[in-house]
Amino acid sequence: MTNKIFVTRKIPEIGIQMLRDRGYVVDVYSKEKIPSQREIMAFLRKGGYDAALTLLTDKIDARVFDAAPSVKMYANYATGFDNIDLVEAKKRNITITNAPGDRTAEAVAEHTIALMLALAARIVEADEFVRRKKYKGWVPMNFIGMDVFEKTLGLIGAGRIGERVAFYAKGLGMKVFYYDVQRNQKIETDCGAIYCATPEEILRQSDVVSLHVPLMDSTRHLINTDRLRMMKPTAYLINTSRGPVVDEGALESALKSGTIGGAGLDVFEFEPAISSGLRKLQNVILTPHIGSASVRARDQMAEIAAQNIIDFFEGRIPRNVVHK
Ligand code: GLV
């Protein structure tokens, strides 16, 4: 019997083609918008699909599983998988995979460094200044920023992406400290990163704090008012992980009051909504969750998701199965 796959958004063709080459029937949601959960449920139920290739914007929970009992496997096109209820999936013996490629780690790490350097060199404010025709001649004391050479970068989370950020930061001459629930020998050996046993140690000593943890109960609001107060008043916070890791209201207050120096955010607590307060601040740079938006990263994500589906149907354990 032919396997039927539903893909909830247009993704790079390379992944779709891999599935079609296997003779699978692949249907791709065709609208230029995020499908609602109701739409996903209706498609899955009507189409009698065997697997779904889903995005981080799709909430896949008990409602979806119950509406579409034919779907035995969900391949998430993302490194993160907080959009999927793993406990409910396990109860129904449904397989869930993610797509954590090296190219994605490199792209997100590059975006992290881009946000850090853009804050440090005040690129966005300066660009706006020029565009508004305010540049009337060289000024010795305008747009004084921070240099990152010999400054301290503190990573909270040292998985594949954190490791890559450390590697780039080392190239910039930064000292790297990291906290994770487990020690990472590779980051210590390759980048000279120094382990800290608590996030607090990172927050107190870093000039730049960068978050690279998955969103879980234990990391929700990891950065809150108390922890922001531990940071240096000149420090920058970079978040390219998941929005709810930071209490966004607390961050907005900290940025307004000068508790910290600035922030670079690619993700938001109530994405795609962003508080109007944050949007008005000069000391924050905002990008619309584009950390992995490079050609190579997105192609590799499509390949990984497709390969996970193929492995599942060909009786192998997919490489990227995720569990609670
Ligand atoms: C993007 O945020 C991802 O998890 O891949």
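Residues numbered from 1 in each chain as written. Predicted model: local features only at pLDDT ≥ 70, side-chain atom pairs only at ≥ 80, totals over all residues. Heavy atoms only, no water.

**Details of helix H11 (residues 248-257)**
Rules: Exposed residues in this analysis have more than 50% of their type's maximum accessible area, buried residues have under 20%, and partly exposed residues fall in between, with area computed by a 1.4 Å probe over protein chains only. To qualify as a helix, a DSSP run of H or I must reach at least 4 residues; to qualify as a strand, a run of E must reach at least 2; elements of each kind are numbered from the N terminus. Two residues form a contact once any of their heavy atoms are found within 4.5 Å. We define a polar contact as two N or O atoms separated by no more than 3.5 Å, with the added condition that, inside protein, one atom must be a possible hydrogen donor and the other a possible acceptor, whereas residues neighbouring each other in sequence contribute only through side-chain atom pairs.
Listed as buried for H11 are Glu248, Ala250, Leu251, Glu252, Ala254 and Leu255. Elements that come into contact with the buried residues of H11 comprise helix H10 (225-229), strand E10 (236-239), strand E11 (262-265), helix H12 (276-280) and strand E12 (284-286). Of the residues that open H11, the one with a side-chain oxygen 3.2 Å from the backbone nitrogen of Gly249 is Asp247. Backbone geometry just downstream of H11 places Gly258 in the positive-phi region, at approximately 80°.

**Focus: the domain arrangement of the chain**
The cut-off we apply is this: As used throughout, domain bounds are those supplied by an automatic or database domain assignment. When two components associate, each loses some accessible surface as probed by a 1.4 Å sphere; the sum of these losses over both components is called the buried area. The working definition used for a salt bridge is a side-chain nitrogen of Lys or Arg within 4 Å of a carboxyl oxygen of Asp or Glu.
The domain boundaries assigned to the chain delineate domain 1 (4-101 + 295-323) and domain 2 (102-286). Once you take the C-alpha centre of each, domain 1 and domain 2 turn out to be 31 Å apart. With 12 residues of domain 1 in contact, the opposing surface of domain 2 contributes nine residues. Carbon and sulfur atoms make up 50% of the area that domain 1 and domain 2 hide from each other, which totals about 870 Å². The salt bridge involving Asp82 is made with Arg242; its shortest N-O contact spans 2.9 Å.

**Focus on the sheet that holds strand E1 (residues 4-7)**
Short version of the rule: Pairing between two strands is assigned when DSSP locates at least 2 bridges connecting them. For helices, the fitted line uses only the C-alpha atoms of the stretch in contact; every axis is such a line through C-alpha atoms, and the angle between N-to-C directions lies from 0 to 180 degrees.
Within the open sheet, the five strands sit side by side as E2-E1-E3-E4-E5. Their pairing is parallel. Edge positions in the sheet fall to strand E2 (25-28) and strand E5 (95-97), since each has one partner strand and no second. Direction aside, the axes of adjacent strands within the sheet are offset by 15° on average. As judged from the three bridges shared by strand E4 (residues 73-76) and E5, these two strands associate in the parallel manner. Within E5, the residue paired with Tyr74 across the bridge is Ile96. Packed on one face of the sheet, helix H1 (residues 13-21) meets E1 and E2 and runs near 150° to E2.

**Considering the site of the ligand**
The test is simple: Near, as used in this document, describes a residue that has one of its heavy atoms within 4 Å of the molecule or strand being considered. Each accessible area is a Shrake-Rupley result for a 1.4 Å probe, and residues are judged covered by the shown protein chains and nothing else.
Close to the ligand lie Leu56, Ala78, Thr79, Gly80, Arg242 and His289. In this structure, an oxygen atom belonging to the ligand sits 2.7 Å away from a main-chain N or O atom of Thr79. Between an oxygen atom of the ligand and a side-chain N or O atom of His289, the distance comes to 2.6 Å. Considered on its own, the ligand offers 190 Å² of accessible surface; in the complex 90% of this is hidden by protein.

**Here we look at the pairing of strand E7 (residues 175-179)**
Here is the rule we go by: Throughout, right-handed denotes a crossover for which the path from the first strand over the helix to the second runs clockwise when the strands point away from the viewer.
Here E7 lies mainly inside the structure; four of its five residues are buried. Across five bridges, strand E6 (residues 152-156) lies against E7 in parallel orientation. Residue Leu153 lies in a different strand from E7, and its bridge partner there is Val176. As a crossover connection, the stretch from E6 through helix H7 (residues 160-171) into E7 is right-handed. In this structure, E7 lies alongside strand E8 (residues 194-195), joined through two bridges in parallel fashion. Paired with Phe177 across the two strands is Ile194, which belongs to E8.

**A few points about helix H2 (residues 37-47)**
Among the residues of H2, Gln37, Glu39, Ile40, Met41, Leu44 and Gly47 are the ones counted as buried. One or two steps after H2, the chain reaches Gly48, where phi turns positive at roughly 60°.

**A closer look at the pattern of salt bridges**
For the coordinates displayed, the defined rule picks out 22 salt bridges. Between Arg103 and Glu106 there is a salt bridge, and its shortest N-O distance comes to 2.9 Å. With Arg103 and Glu106 both in helix H5 (residues 102-120) and three residues apart, this pair spans about one turn of that helix. What emerges from the salt-bridge pattern is a single network uniting Arg22, Asp311, Glu314 and Arg316.

**Side note on the packing of aromatic side chains**
Put simply, the test is: Aromatic contacts are taken between Phe, Tyr and Trp rings whose centres are within 6.5 Å, Trp giving its six-membered ring; a plane angle under 30 degrees counts as stacked, one over 60 as edge-to-face, and the others as tilted. Working rule: Lys NZ or Arg CZ, within 6 Å of ring centre, within 35 degrees of ring normal, means a charge sits over the ring.
Across all of its chains, the model carries nine aromatic pairs by this definition. With a centroid separation of 4.9 Å and an interplanar angle of 15°, the aromatic rings of Phe6 and Phe43 are classed as stacked. Linking Phe6 in strand E1 with Phe43 in helix H2, this pair joins segments that are 37 residues apart in sequence. For Phe6, a relative accessible area of 2% corresponds to the buried category. The exposure class assigned to Phe43 is partly exposed, which follows from its relative accessible area of 33%. Aromatic rings pair up to connect Phe6, Tyr29, Phe43 and Tyr49 into one cluster. The aromatic ring of Tyr49 is capped on one face by Lys4, whose charged end is 4.8 Å from the ring centroid.

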